[in-house]
Amino acid sequence: MPPSSKVAASRQGAPAKQPSPEEQLQQAINNSGNDRAALVRNLEAFLKDNPDSRQRPQIYRALVEASLQLQDNARAAGYAERIVALSPEDISMTILTIQLLEQNGDEAALRRATNYATRVLEFVERSSSGEKSPRVSQEDWATEKKRDRMSMLTLRGRLELKLKDTVEAQKDLAASYAIQPSATAAEQLGEIAELKKDSNGAIQQYARAFALADATNGSAGRREIRQKLGNVWRLAHGSDGGLGEYLLRIYDDVSQASVAAKPKKNADAHEPADFTLRKAPGGTAFPLKDMRGKVLVVNFWATWCGPCHTLEPLFARVAAEFQANPDVFFLAANCDEDESLVAPYLEVHKPHTPVVFADGLDRFFAVNSFPTVMVIDRAARIAYRSNGFEPDTFEPNLAVAVRRALAPPSPSALVTAPQ
């Protein structure tokens, strides 16, 4: 056989080179295209062939996100728990895991969720001011720790109530309410009082819940509290007589206590540049003083607001249009009362514009509905305001408003009237 024929035969007989695990993973992703269901199938097949892959944490995160988009919460919870097992210090993912297990609803899932809640609560209670960022004041750090303890006690109490462990639930919910009164804790304490046939206790707690409930945050929930309160009141008093007067008295008591317990952030600010906000979800200080003389575009939103979710990609597209201009800055200001909801939300949805906690900026601009979008011009005046939005016209209208705010004043505007 000629030498050339021997070489050809040798090449034909050589085994094909197997792709590396990294190449297999990339191929699994590429073959999925934009099909989330295909991505889940391909990533799970990759993990079956490569169970010890070094990229497991990133793969699990991708599977959580894809499963959530497919509304497969059970699968998302399973992979979220795997992430927590690998990274128990990942508090945001732990809270998301708790929420997913709670939605699952079976006893085993609720017990695991309760254990995770205890883990997060212990982490919060162990944290010390020595670990805080130097850019966060001692006062802000203490306030955040207090709020985190309140939120986690409420969450664990809710889980314990679902497990019918009313003794532990009552203990946690009462502790949460003592740290910072909330409608959620009060309503659940009312339910426990009802279970114990303590009508007066149930009436008091439901009235507190009604007084604390935010009318802009789920009015259906407030109606439900009103129904519970009415039912218990009628059982105790025979009619609705006297309920209105009692409710007003409780409202006054709760309002006064709430105002005294919650100092207003940035209360001394006189213009946007005076504000120091916090980056979400970590709480790093974000002063607006560097925005003085620039155009500031702010999207005020909340996690529970459905239209806010629809608006975000439209807002992000307008922000991308002005990305290269150093004289304009886009910001998403979260207005949730319960800030513990923000980290899990951002873990899943990942907005494309910087996210901060509003910290009183919403109060300064009298924002009372969501979403609200504003353009603040160089002179710190409101140049554009949109309460709600029309999907078809929002982007062009906002872009035009930003261009107008960026434009130099016309020569006629610089002419001053004679004295």
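Bear in mind that the values here come from a model prediction, so they are computed numbers and not experimental data.

Calculation rules
- Residues numbered from 1 in each chain as written.
- Predicted model: local features only at pLDDT ≥ 70, side-chain atom pairs only at ≥ 80, totals over all residues.
- Heavy atoms only, no water.
- Helix = DSSP H or I, 4+ residues; strand = E, 2+ residues; numbered from the N terminus.
- Contact = heavy atoms within 4.5 Å.
- Areas by Shrake-Rupley, 256 points an atom, 1.4 Å probe, with all protein chains shown as cover.
- Phe/Tyr/Trp six-rings, centres within 6.5 Å; stacked < 30°, edge-to-face > 60°.
- Core = buried A, V, L, I, M, F, W, Y, C linked by side-chain atoms within 4.5 Å.
- Buried < 20%, exposed > 50% of the residue type's maximum accessible area, 1.4 Å probe, protein only.
- Pairing = 2+ DSSP bridges.
- Axes fitted to C-alpha atoms, helices over the stretch in contact; angles between N-to-C directions.
- pLDDT = per-residue confidence, 0-100.
- Lys, Arg positive; Asp, Glu negative; His and termini not counted.
- Salt bridge = Lys/Arg side-chain N within 4 Å of Asp/Glu carboxyl O.
- Polar contact = N/O pair within 3.5 Å; in protein donor to acceptor, adjacent residues only side chain to side chain.
- Disulfide = S-S within 2.5 Å.
- Expected span 1.5 Å × (residues − 1).

Draft legend 1. Structural view of the overall build of the chain. Looking only at helices and strands, the chain features 18 helices and 7 strands. For the chain, the proportion of contacts with a sequence separation of at least 24, taken over those separated by at least 6, is 60%. Accessible area for the chain stands at about 22800 Å²; split by element, carbon and sulfur atoms hold 51% of it.

Draft legend 2. Region of the structure containing the packing of aromatic side chains. Tallied over the full model, the rule gives 10 aromatic pairs. An angle of 40 degrees between the planes, with centres 5.4 Å apart, marks the rings of Trp233 and Tyr246 as tilted. In this pair, Trp233 is assigned in helix H12 (residues 219–237) and Tyr246 in helix H13 (residues 243–261), connecting sequence segments 13 residues apart. Plain terms: the ring middles of Trp304 and Phe370 are 5.9 Å apart, the flat faces sit at 85 degrees to each other, and that makes the pair edge-to-face. Taken together, the positions of Trp304 in the loop between strand E3 (295–301) and helix H14 (306–321) and Phe370 in the loop between helix H16 (361–364) and strand E6 (372–376) put the pair 66 residues apart, joining distant regions of the chain.

Draft legend 3. Layout of the nonpolar core. Within the largest apolar cluster, 40 residues are counted, with the highest numbers of intra-cluster contacts made by Ile98 and Met152. Of all the elements in the fold, those that place two or more residues in this core are helix H3 (36–49), helix H4 (56–69), helix H5 (73–86), helix H6 (91–104), helix H7 (107–126) and helix H8 (138–162). A total of 8 residues in this core trace back to one element, the largest contributor, which is H7. When neighbours within four sequence positions are excluded, Ile98 is seen to be in contact with Ala113, Tyr116, Ala117, Val120, Met152, Leu155 and Leu159. Membership of the second largest hydrophobic core comes to 31 residues, among which are Phe286, Val355, Phe357 and Leu361.

Draft legend 4. Quick peek at the sheet that holds strand E5 (residues 355–357). Here 7 strands make up an open sheet; going across it, the order is E2-E1-E5-E4-E3-E6-E7 and the pairing mixed. Edge positions in the sheet fall to strand E2 (285–287) and strand E7 (382–387), since each of these pairs with one other strand and no more. Sheet twist, expressed as the average angle between the axes of neighbouring strands with direction ignored, equals 30 degrees. With 2 bridges joining them, strand E1 (residues 276–279) and E5 adopt antiparallel strand pairing. What sits directly across from Arg278, in E5, is Phe357.

Draft legend 5. Region of the structure containing the confidence of the model for the chain. Residue-level pLDDT values for the chain average 88, and 90% of them are 70 or greater. Predicted confidence is poor over residues 216–220, with pLDDT under 50, and the contacts of this stretch with residues over four places away or in other chains come to 3 contacts. A low-confidence stretch, residues 413–419 (pLDDT under 50), is modelled with 1 contact involving residues beyond four sequence positions or located in other chains.

Draft legend 6. Examining the side chain of Glu312 more closely. Tracing the chain through its elements places Glu312 in helix H14. Here Glu312 occupies a buried position and makes no salt bridge, while the nearest side chain of opposite charge, Arg317, is found at 8.6 Å. A distance of 3.1 Å separates the side chain of Glu312 from the backbone nitrogen of His352, its partner in a polar contact.

Draft legend 7. The arrangement of the pattern of salt bridges in detail. Following the criterion strictly, the structure yields 29 salt bridges and no others. Note that Arg112 is salt-bridged to Glu81, the shortest N-O span being 3.0 Å. Of this pair, Arg112 sits in helix H7 while Glu81 is found in helix H5, placing the two residues 31 residues apart along the sequence. Taking the relative accessible area as the measure of exposure, Arg112 reaches 35% and is therefore partly exposed. In this structure Glu81 comes out as buried when scored by relative accessible area, which is 16%. Among the ionic pairs, Glu102 bridges to Lys162, the shortest N-O distance being 2.9 Å. Of this pair, Glu102 sits in helix H6 while Lys162 sits in helix H8; the two residues are 60 residues apart in sequence, bridging distant segments of the chain.

Draft legend 8. Molecular detail of the pairing of E6. Among the 5 residues in E6, 5 count as buried, and that is most of the element. Of the two faces of E6, both are covered, the one formed by Thr372, Met374 and Ile376 as well as the one formed by Val373 and Val375. Bridging between E3 and E6 involves 5 bridges; their strand directions are antiparallel. The residue of E6 that forms the bridge with Asn299 is Val373. The pairing of E6 with E7 spans 5 bridges and is classified as antiparallel. Across the sheet, residue Val373 finds its bridge partner in E7, namely Ser386. Following E6, the chain reverses through 5 residues before pairing antiparallel with E7; Ala380 in that reversal takes a positive phi of roughly 65 degrees.

Draft legend 9. Local environment of the state of the cysteines. Inspection of every chain in the model, using the stated rule, returns 1 disulfide. Here Cys305 is linked by a disulfide to Cys308, with a sulfur-sulfur distance of 2.4 Å. The chirality of the disulfide connecting Cys305 with Cys308 is right-handed, given an S-S dihedral of about 85 degrees. Distance from the sulfur of Cys335, which forms no disulfide, to the nearest cysteine sulfur (Cys308) is 8.4 Å.

Draft legend 10. Expanded view of H4. Between its first and last C-alpha atoms H4 spans 20 Å; for 14 residues at 1.5 Å apiece the expected length is 20 Å, and the two agree. Against helix H2 (21–32), H3, H5, H6 and helix H15 (342–349) lie the buried residues of H4. Looking one or two places after H4, you find Gln71, whose phi comes out positive at around 60 degrees.

Draft legend 11. Here's a closer look at the side chain of Asp362. Of note, Asp362 is situated in helix H16. Buried and unpaired, Asp362 has no salt bridge, with Arg363 as the nearest side chain of opposite charge at 5.7 Å.

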